[in-house]
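Chains, contacts and geometry: an overview
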Amino acid sequence: PKLVGVPLHPLSLSLPDTMETLWPTSPKTTQPSESDASIASAEAPAPLAPSSALPPACRAVSASLAELGGRARPQRIQRCNGELEEVWPEYWGLTLAQCRDLMHRCRQDPRWQRSNNVYTLVNEYIKPWTRGTGLGYAALVNQEAPKEVSVMISHAWGENAEEFFETLERSCRGDDVMFICALSLYQCEDGAGPTIAEQIGCCAEESPFRRVLEHIAGRGQSAGWAWRWQAAINLIPCLLLMIAIVLYFFPMGAASCIPALHGCAEGRLILHGTEWIYLGKICLFPHWEFHYKELPPEYHLCVPLAIVFLVAAALSRVFTQRSGMYRGRMVAVPNHECDLYSRLWCVYEIFVAVERGVPVELAKTLASAGEGSCREATCSSQEDQDQIFRNIGSTQIEVGFRRTLSTMSTAASGKMRSFSGCSSDSRFSRATSAGSDPAKAYDMVDKAIRTTTKRAVRAAHAAMLWWLLPFLLMSLALPEGDWLTAHQMFDTAVCSGVYSMALSGLLLLLVAFTVAKRSAGVLSFRSASLTSAAVFGCGVALRVVDHFVLAQFQQSWSPTNFPPFHHCFTLGLLCGGAGMALLTALEWLTCGRFIAWRYRPLCLAIVAPSVLAALMVFSAAEPTLAQYYPVAVWYVSFRFAPIYGFPAFLWTAAARWGVRIRPRAAEGRRSGR
């Protein structure tokens, strides 16, 4: 038959006569072209050994499966000319758009409930839709052009179906083609196609899961260094952006003015009345009048270079997103219903992924993947369970794998979610002597699982780092820090609070992440409300303390008249607490739909320029571009972050990681009321 994918090995056993008419073994053969064969041989993993060379465990099981066809079998598509086209697991893929269409189709059925899990999805929808076709759902919807898998999805069937697909939306790209076992395998067991046992094969080594991962590894090696170093490539736009920030803000601190292409803007504070500088509105929302002076010659290249690096950052970002670079990987999807790694097939998938050097990501969710050992994992089939344990236990770990795990554990960036790239040479080697240590193999697999499940924590730490780093770079403009000294902020009585804003933002993120992580990403309305009230109340309390402390001093600016807490620190807490309260209220009023609102980016893109434009009109001395430019730079740098940035960042982070607030009605049902 015409091949889609290359068989792992020839079929050495014939089917029973009763199956011949339903699933013929000798369809009309269409020889692939020479170019197709060369591509297939380059991209597919090496074929497994013939039946006689299989491990003893596989040979034993092979005999019991002889009447079912023995070795792993593909699905077959009937073409218009009567030919059968064999489709192997590496072409049983689905895109995000097709998963979205599937959920839309399910929701159109009045019987569908949001509480349905993947078992219900398969038994009540996928099986009836695919029955009699001999094709899994993925091959059925793509039978005209089967899609090559680039992402292996590791998940448990006990999870909520809608939450599972929502997590995939957050974790995968639109051009990713995913292997999802519930949708890729033919599940019906009706004789119209291969049974589940026939698709899995006689042992774990020829299962679709291993085959797909080996195919991804082979395609990645064909892609070369770009696949191995994709984590580092994804960091390039951020590094270029940081260099641009340094080049722009350095002359601001050195020359005490806001640099432009032609000249440098120096500000003068416009006072209205006799308002007290510190507690009045002048310090928080000052009115500026700027005049331009000559920028010192040594800083002339700073702004042009900053623009060059900024453009380079934008272009590199577009390139990394749209270059077509191969992004083959495995995505592990934890859930709120069951431990992902209590399922032995999920353990085996991460075992094979690490063995073959396939990058592994944890899906964007705060749900726990479990903390058990692979020794405690179970499988619905006792034969499969025994095979997988023998497969893992007969593995001898090389020292190189220890170095890989050490590298993985030090990766602290959400941008570097994948494992360090490596050659296609296995980091595991099959034991050929009696000296193999099964306990060591189990321990190393457990270590790989624990490292993977800690990705969410490291990604949160990375988010905090990326939040803090721009503030630290902006501090180049204010070498004297938050407090007023001579030669700072144009010799005015207005301070920046850049360190205080960074500290308050870091504290806010720590509180929000801790609360969300402890609740596995599903907060009760009460806990979310109490957290936002605590943050806001802390800001108010510190503000009141500042007022009473300052009241003991003469109302004049002097080095001895500083409050214990900088007002920008309290401003950050107030804005963060208010943003959390607003987010909680809107999520509750919309019954859990506001955080994941599809128009969130558009809303933020409209509100941000609107708020900035209002500040510019309010604070500029004249409605001219020469005045608007430095006012915009000053407010974006030193006021926009706490007022707008904190709430916007919380909203974006909550949506990105699938945090949601449980409606009060659901809380009542959970408590039995």
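Reading the values: rules and limits
- Residues numbered from 1 in each chain as written.
- Predicted model: local features only at pLDDT ≥ 70, side-chain atom pairs only at ≥ 80, totals over all residues.
- Heavy atoms only, no water.
- Helix = DSSP H or I, 4+ residues; strand = E, 2+ residues; numbered from the N terminus.
- Buried < 20%, exposed > 50% of the residue type's maximum accessible area, 1.4 Å probe, protein only.
- Contact = heavy atoms within 4.5 Å.
- Areas by Shrake-Rupley, 256 points an atom, 1.4 Å probe, with all protein chains shown as cover.
- Patch = residues over 30% accessible without salt bridge, like charges linked within 9 Å, V, L, I, M, F, W, Y side chains within 5 Å.
- Salt bridge = Lys/Arg side-chain N within 4 Å of Asp/Glu carboxyl O.
- Pairing = 2+ DSSP bridges.
- Axes fitted to C-alpha atoms, helices over the stretch in contact; angles between N-to-C directions.
- Expected span 1.5 Å × (residues − 1).
- Polar contact = N/O pair within 3.5 Å; in protein donor to acceptor, adjacent residues only side chain to side chain.
- Parallel < 35°, antiparallel > 145°, perpendicular 65-115°, else oblique.
- Nonpolar A, V, L, I, M, F, W, Y, C, P; charged D, E, K, R; others polar.
- pLDDT = per-residue confidence, 0-100.
- Right-handed = clockwise from strand over helix to strand, strands pointing away.
- Left-handed = near helix turned anticlockwise from the far one by under 90°.
- Phe/Tyr/Trp six-rings, centres within 6.5 Å; stacked < 30°, edge-to-face > 60°.
- Lys NZ or Arg CZ within 6 Å of the ring centre and 35° of its normal.
- Disulfide = S-S within 2.5 Å.

Some remarks on the overall build of the protein
- Within the protein one finds 26 helices and 14 strands.
- A buried classification covers 53% of the 673 residues belonging to the protein.
- By sequence separation, contacts in the protein at least 24 residues apart represent 82% of the contacts at least 6 residues apart.
- When the accessible area of the protein is evaluated, it comes to approximately 30,100 Å², of which 61% is carbon and sulfur surface.

Quick notes on a nonpolar patch on the surface
- On the surface, Trp-597, Tyr-599, Leu-602, Ile-606 and Val-607 cluster together into a nonpolar patch covering about 470 Å² of accessible area.
- For Tyr-599, the location among the structural elements is in the loop between helix 22 (567-589) and helix 23 (600-619).
- You can call Tyr-599 partly exposed: its relative accessible area is 42%.

A few points about the sheet that holds strand 5 (residues 178-179)
- The sheet built from four strands is open, its strands ordered 5-4-9-10 with parallel pairing. The outermost strands of the open sheet, each flanked by one partner alone, are strand 5 and strand 10 (360-362).
- For strand 9 (residues 329-332) and strand 10, the ladder comprises three bridges, and the chain directions are parallel. Its bridge partner being in strand 10, Met-330 is matched across the sheet by Val-360.
- Each of strand 4 (151-154), strand 5 and strand 9 touches helix 10 (residues 208-223); the most contacted strand, strand 4, lies at about 145° to it.
- Together, strand 4, strand 9 and strand 10 form the strand contacts of helix 15 (residues 344-356), whose direction differs from that of strand 4 by roughly 145°.

Concerning helix 5 (residues 118-130)
- The end-to-end C-alpha distance of helix 5 is 16 Å, clearly below the 18 Å that 13 residues give at a rise of 1.5 Å each.
- If you check which residues of helix 5 are buried, you get Val-118, Thr-120, Leu-121, Val-122, Tyr-125, Ile-126 and Thr-130.
- Elements that come into contact with the buried residues of helix 5 comprise helix 4 (96-107), helix 6 (137-141), helix 7 (161-171) and helix 8 (181-184).
- Regarding helix 5, its N-cap is Asn-117, as a side-chain oxygen of that residue lies 3.2 Å from the backbone nitrogen of Tyr-119 further along.
- Phi turns positive one or two residues past the end of helix 5, at Gly-132, with a value near 85°.

Focus: the pattern of salt bridges
- Counting across every chain of the model gives 17 salt bridges.
- Across the salt bridge formed by Arg-76 and Glu-86, the nearest N and O atoms sit 3.2 Å from each other. Taken together, the residues span a long stretch of sequence, with Arg-76 in strand 2 (residues 75-78) and Glu-86 in strand 3 (residues 84-87) at a distance of 10 residues.
- Residues participating in the shared-partner salt-bridge network are Arg-107, Arg-114, Glu-162 and Glu-166.

Section: the packing of helix 4 against helix 5
- Interaxial distance between helix 4 and helix 5 falls to 12 Å at its minimum, and their mutual angle equals 105°. Comparing their axes, helix 5 and helix 4 come out roughly perpendicular. Counting all contacts with helix 4, which are made through Leu-102, Arg-105 and Cys-106, the residues of helix 5 involved are Leu-121, Tyr-125, Ile-126 and Trp-129.
- A class-by-class count of the residues in the contact of helix 4 with helix 5 yields six nonpolar, no polar and one charged.

Digging into the confidence of the model for the protein
- For the protein, the average pLDDT comes to 75, and 70% of its residues sit at 70 or higher.
- Counting contacts from residues 5-69, a segment whose pLDDT is below 50, to residues more than four positions away or on other chains yields 103 contacts.
- A low-confidence stretch, residues 396-436 (pLDDT under 50), is modelled with 92 contacts involving residues beyond four sequence positions or located in other chains.

Examining the pairing of strand 4
- The two faces of strand 4 match: Val-151 and Ile-153 on one face and Met-152 and Ser-154 on the other face are all buried.
- Direction of pairing for strand 4 relative to strand 5: parallel, over a ladder of two bridges. Among the inter-strand pairings, Val-151 is bridged to a residue of strand 5, identified as Met-178.
- As for the winding sense of the linkage, the β-α-β connection from strand 4 through helix 7 to strand 5 is right-handed.
- In this structure, strand 4 lies alongside strand 9, joined through four bridges in parallel fashion. When the bridges of strand 9 are listed, Val-151 appears paired with Arg-329.

Quick notes on the environment of Gln-199
- Within the secondary structure, Gln-199 sits in helix 9 (residues 196-200).
- The class of Gln-199 is buried, set by a relative accessible area of 1%.
- Sequence separation of Gln-199 and Pro-74 is 125 residues, and the distance between their C-alpha atoms is 6.4 Å.
- Setting aside residues no more than four positions away along its own chain, Gln-199 makes contact with Ala-72, Arg-73, Gln-75, Trp-92, Leu-185, Tyr-186, Pro-194 and Pro-208.
- At 3.1 Å, the side chain of Gln-199 forms a polar contact with the side chain of Gln-75.

A closer look at the packing of helix 10 against helix 15
- Across the interface, helix 10 lies against helix 15 with an axial gap of 10 Å and an inter-helix angle of 25°. Regarding the angle of helix 10 to helix 15, the classification is roughly parallel. As helix 10 packs across helix 15, the resulting crossing turns out to be right-handed. Between helix 10 and helix 15, the contacting residues are Phe-209, Arg-210, Leu-213, Glu-214 and Ala-217 on the first element and Trp-345, Tyr-348, Glu-349, Phe-351, Val-352, Ala-353, Glu-355 and Arg-356 on the second.
- Partitioned by chemical class, the residues of the contact of helix 10 with helix 15 number eight nonpolar, no polar and five charged.

Brief notes about the packing of aromatic side chains
- Overall, the coordinates contain 17 aromatic pairs when judged by the stated rule.
- Here Trp-597 and Trp-651 contribute two aromatic rings whose centre-to-centre distance is 6.5 Å and whose plane-to-plane angle is 15°, an arrangement assigned as stacked. Note that Trp-597 is positioned in the loop between helix 22 and helix 23 and Trp-651 in helix 25 (residues 640-656), a separation of 54 residues in sequence.
- Accessibility expressed as a relative area gives 35% for Trp-597, which makes it partly exposed.
- Given the relative accessible area of 7%, Trp-651 is considered buried.
- Each residue in the set Trp-288, Phe-290, Trp-634 and Tyr-635 is aromatic and connected to the rest through ring pairs, giving one cluster.
- One residue, Arg-105, lies across the ring of Trp-129, its end atom 3.7 Å from the ring centre.

Here we look at the sheet that holds strand 7 (residues 264-270)
- As summarised here, the arrangement of the three strands in space is 6-7-8, forming an open sheet in which the pairing is antiparallel. Both outer strands of the open sheet, strand 6 (258-259) and strand 8 (287-293), are each paired with one neighbouring strand and no more.
- Alignment of strand 7 against strand 8, held across seven bridges, turns out to be antiparallel. Looking at the pairing, Arg-268 lines up with Glu-289 of strand 8.
- Against the sheet, helix 24 (residues 625-638) touches strand 6, strand 7 and strand 8, its axis set at about 115° to strand 8.

Here's the deal with the state of the cysteines
- One pass over the structure, following the stated rule, counts one disulfide.
- Shown here is the disulfide that connects Cys-257 with Cys-264, its sulfur atoms set 1.7 Å apart. Between Cys-257 and Cys-264, the disulfide has an S-S torsion of 100° and is therefore right-handed. Summarising the burial analysis for this pair, Cys-257 and Cys-264 share the class buried.
- As a non-bridged cysteine, Cys-99 has Cys-172 as the owner of its nearest cysteine sulfur, 8.6 Å distant.

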